[in-house]
Amino acid sequence: MKIFRSLFFPLLGAVFLLSACDNTGGEASYPKRAKDTRREQYGKLTGEGGLFGLNRKEEEGGGASPIGVNSFLWRATLDTLAFMPLTSADPFGGVIITDWYEDPATPGERFKVTALILDKNLRADGIKVSLFRQKKDDSGHWRDSEVNASTARDLENTILTRARQLRVRQSS
Amino acid sequence: MKKFLLGTTGLVGAAVLFSSAASAGETPKVTVGGFIDFQAGIMSDDLDAAQRGYGFRNDTEVNVSVDGKTDSGLGYGAVIDLEADVTADASGQGLNASRTYIYLDGNWGRFELGSNNTSIEALKVDASNIARGSGGIHGGWWYYANHPAAFGGGAYITSAALPQDHGSMFVAGGETTDNTTKITYYSPRFSGFQLGASYSPDGTDKGQTMTRTDTGAGFGDIFDVGLNYENQWDEISFSAAITGEWGDADSAAVENIGAWNIGAALGYMGFQIAGSYGDWGDSMMPTASSFDSDYWTLGASYDFGQFGASVTYLDSNVEVAGGDNDFDNLVIGADYELAPGLTPYIEVSFYDFDAPGVGVAGDNDGDVFLLGTLLSF
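Bear in mind that the values here come from a model prediction, so they are computed numbers and not experimental data. (Residues numbered from 1 in each chain as written. Chains lettered and ligands numbered in written order. Predicted model: local features only at pLDDT ≥ 70, side-chain atom pairs only at ≥ 80, totals over all residues. Heavy atoms only, no water.)

A.B. asks: I tried to follow the packing of helix 3 (residues 71-80) of chain A against helix 4 (residues 149-171) of chain A on my own but got confused; where do I start?
C.D. replies: Packed helix pairs are characterised by how far apart their axes lie and by the angle those axes make with each other. Residues and elements named next belong to chain A. Interaxial distance between helix 3 and helix 4 falls to 8 Å at its minimum, and their mutual angle equals 125°. In terms of their interaxial angle, helix 3 and helix 4 are classed as oblique. Read as a crossing pair, helix 3 and helix 4 show a hand that is right-handed. Across the interface between the two elements, Phe-72, Leu-73, Arg-75, Ala-76, Thr-77, Asp-79 and Thr-80 from helix 3 touch Thr-158, Ile-159, Leu-160, Arg-162, Ala-163, Leu-166, Arg-167 and Gln-170 from helix 4. The residue makeup of the contact of helix 3 with helix 4, split by class, is seven nonpolar, four polar and four charged. (Axes fitted to C-alpha atoms, helices over the stretch in contact; angles between N-to-C directions. Helix = DSSP H or I, 4+ residues; strand = E, 2+ residues; numbered from the N terminus. Parallel < 35°, antiparallel > 145°, perpendicular 65-115°, else oblique. Left-handed = near helix turned anticlockwise from the far one by under 90°. Contact = heavy atoms within 4.5 Å. Nonpolar A, V, L, I, M, F, W, Y, C, P; charged D, E, K, R; others polar.)

In structure tokens, the structure reads:
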């Protein structure tokens, strides 16, 4: 019994470390106690979601997606740019182009974004965002203006974070 | 330049705000469910002189589960099984809740932390796994049967379980030692195989109770380890498991726990057969004795659409001075799913407690007929 005691906690630690690697190849389905399994075979009056239906599984989005590029990046880009008006969104080529957008907080300055989704896989270099900026001059004409390079990068990162959230949610 | 900075920051800020608003669904989900089980029983046995031969029983639970997932893919949540009965359960399970635990899971496995069943209870395979009605040999029969121990009789194994899940051998259906506070780990399932292990520091600590007593009648440092295999080939399903339990006796006069169980089930087109053998060895017996105990189960079931029926059988032997305390129980049950979650059932149990010697006061031979309705929501 002593040997169990001395092995148990190092073993627990090792398993926690394992949590760092994601590709163990096993199927992450875990058993329920026998009583629950027996009761569940008869179903539930309220369906799988239980009484308040808060746990109903969202429709699976992956599989045979008609979109020509990574669907998580596609949806994440649309989500992220949804506050700007869109002029064009091509799911086959993976091109999303917004219209000019003037932030009410900074009048006299407007932006336009072109997002290219480059890959079928969800990867960090699968998204390219180009940002265009114009300022109104004294005569009331819009003139092209310089863009801070990190702004486009920040937008890309926001899109990637959102894509990862979508993927995690679908795999749950 | 200042205005430029303000503008671009605003743009990214808006993007972040918008996308985080869209991901608000990531907060943990709370699900409420439960069941109500009503039973009417008609029973008779050798020890029921001056007892009524019928009775009703009502069992209710409300289950709350919390399920969440972090951005990095770590699953987390909790399970709370609230006992919603009008009175405490005769089995000695918790008054407010029978199980409460937190879990963490991912592709690396699953941890369950709290007052919970052992890992082997979930991994084991025996005849009770395929039982219909109220649960066959693990069903409601024992609420209606007289255990000989209350009449001067001895110890019996009355369910197909290893010591912690079985509970006291002097009552049937005891739930005083399952659901102790423990840590459980399940591995993911690899090619059909799944491993599980639990550890409880004490054999009776549950919920807020934490004892340090390491002497007396109890058990401590209890390990449960189980290996389960499951597979399906077209219409044929197969599952098997080997489980074991070890624990230290607090008293030197009592043997440590060392028990194992092996079982398998085979299914084909709605038919299933299952069987198991469990050996408690000399677990919990007086050190001075050389008494052993064991049990075996056998069962068959048929599932046809909304209708299900099963026959399950348990036979156990507990060695005592002068022979064996032999227990056997044959349970035949059937149920019909009227609507999802609404299932009436009937069940009849023929049981026999048999102590060594002829005409012993602690013998009991009887039967229980149950008519019930289970409502799950």
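A.B. asks: Just to check I follow, could you spell out the pairing of strand 5 (residues 109-115) of chain B for this structure?
C.D. replies: Looking along a regular strand, one sees side chains alternate from face to face of the sheet. Residue and element names in this part refer to chain B. Counting buried residues in strand 5 gives six out of seven residues, a clear majority hidden from the surface. Across seven bridges, the pairing between strand 4 (residues 97-106) and strand 5 is antiparallel. When the sheet's bridge partners are listed, Tyr-101 is paired in strand 5 with Gly-114. Count of turn residues in the strand 4/strand 5 antiparallel hairpin: two residues. In the sheet, strand 5 pairs with strand 6 (residues 181-186) via six bridges, with the strands oriented antiparallel. Bridge pairing links Glu-112 to Thr-184 in strand 6. (Buried < 20%, exposed > 50% of the residue type's maximum accessible area, 1.4 Å probe, protein only. Pairing = 2+ DSSP bridges.)

A.B. asks: Explain the pattern of salt bridges here, please?
C.D. replies: Summed over all chains, the structure comprises 21 salt bridges over all chains. One salt bridge in this structure joins Arg-133 of chain A and Glu-109 of chain A, with 2.7 Å as the shortest N-O distance. Note that Arg-133 of chain A is positioned in strand 5 (residues 127-136) and Glu-109 of chain A in strand 4 (residues 109-117), a separation of 24 residues in sequence. In terms of burial, Arg-133 of chain A and Glu-109 of chain A fall into one category: buried. A salt bridge links Arg-143 of chain A to Asp-137 of chain A; its shortest N-O distance comes to 2.8 Å. Judged by its relative accessible area of 47%, Arg-143 of chain A is partly exposed. Residue classification places Asp-137 of chain A among the partly exposed residues on the basis of a relative accessible area of 24%. Several salt bridges converge on common partners, so that one network encompasses Arg-33, Asp-36 and Arg-39 of chain A together with Glu-61, Asp-81 and Arg-99 of chain B. (Salt bridge = Lys/Arg side-chain N within 4 Å of Asp/Glu carboxyl O.)

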